[in-house]
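These are the residues of each chain, in order.
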Amino acid sequence: MSENQRYIELHSSLRFLVITGSDDDFFYFSTALKKLGFNNFQHLPVTLSAVEYIKVKKPEFIFCQYDMEDMNGLELMEELANRLDIARIPFVIFSSEADDGDMALMKE
């Protein structure tokens, strides 16, 4: 395991936050999470209030769509990384349209 890799315990009561631009995307994610045995997840359809929402609700894991209208997933991840109180929440960005440059930034 490299220095940048960490193991995350995925217990069935893990509090997920799914940030997407559409209800359809949330439906697909929630269906997949249910099939994996997880039932504790919230949907946040807009990113403008995401930082405040995350500070209050304290999710344990975040899935965020990359391509949204108000702010993209990478911008949100950077905003969270600058806030020490919520910077350690595991954050996964998903996209069907990101280019190689975007993918490299997401991985970093």
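Conventions we followed
- Residues numbered from 1 in each chain as written.
- Predicted model: local features only at pLDDT ≥ 70, side-chain atom pairs only at ≥ 80, totals over all residues.
- Heavy atoms only, no water.
- Helix = DSSP H or I, 4+ residues; strand = E, 2+ residues; numbered from the N terminus.
- Polar contact = N/O pair within 3.5 Å; in protein donor to acceptor, adjacent residues only side chain to side chain.
- Contact = heavy atoms within 4.5 Å.
- Pairing = 2+ DSSP bridges.
- Axes fitted to C-alpha atoms, helices over the stretch in contact; angles between N-to-C directions.

(A) Structural context of the side chain of histidine 43. Here histidine 43 shows up in strand β2 (residues 41–44). Within polar-contact distance, the side chain of histidine 43 engages the side chain of threonine 20 at 2.6 Å. Apart from the residues lying within four places of it in its own chain, the contact partners of histidine 43 are Leu17, Val18, Thr20, Ser22, Asp23 and Phe26.

(B) Expanded view of the sheet that holds β2. Here four strands make up an open sheet; going across it, the order is β2-β1-β3-β4 and the pairing parallel. Across the chains shown, the open sheet's two edge strands, defined by having one partner strand only, are β2 and β4 (91–94). Pairwise comparison of adjacent strand axes, ignoring direction, gives a mean angle of 20° for this sheet. Here strand β1 (residues 16–19) runs beside β2; their pairing, made up of four bridges, is parallel. Paired with phenylalanine 16 across the two strands is phenylalanine 41, which belongs to β2. Seen against the sheet, helix α1 (residues 23–35) touches β1, β2, β3 (61–65) and β4 and runs at an angle of roughly 165° to β2. Helix-sheet contacts for helix α2 (residues 50–57) involve β1, β2 and β3, and the interaxial angle to β1 is about 170°.

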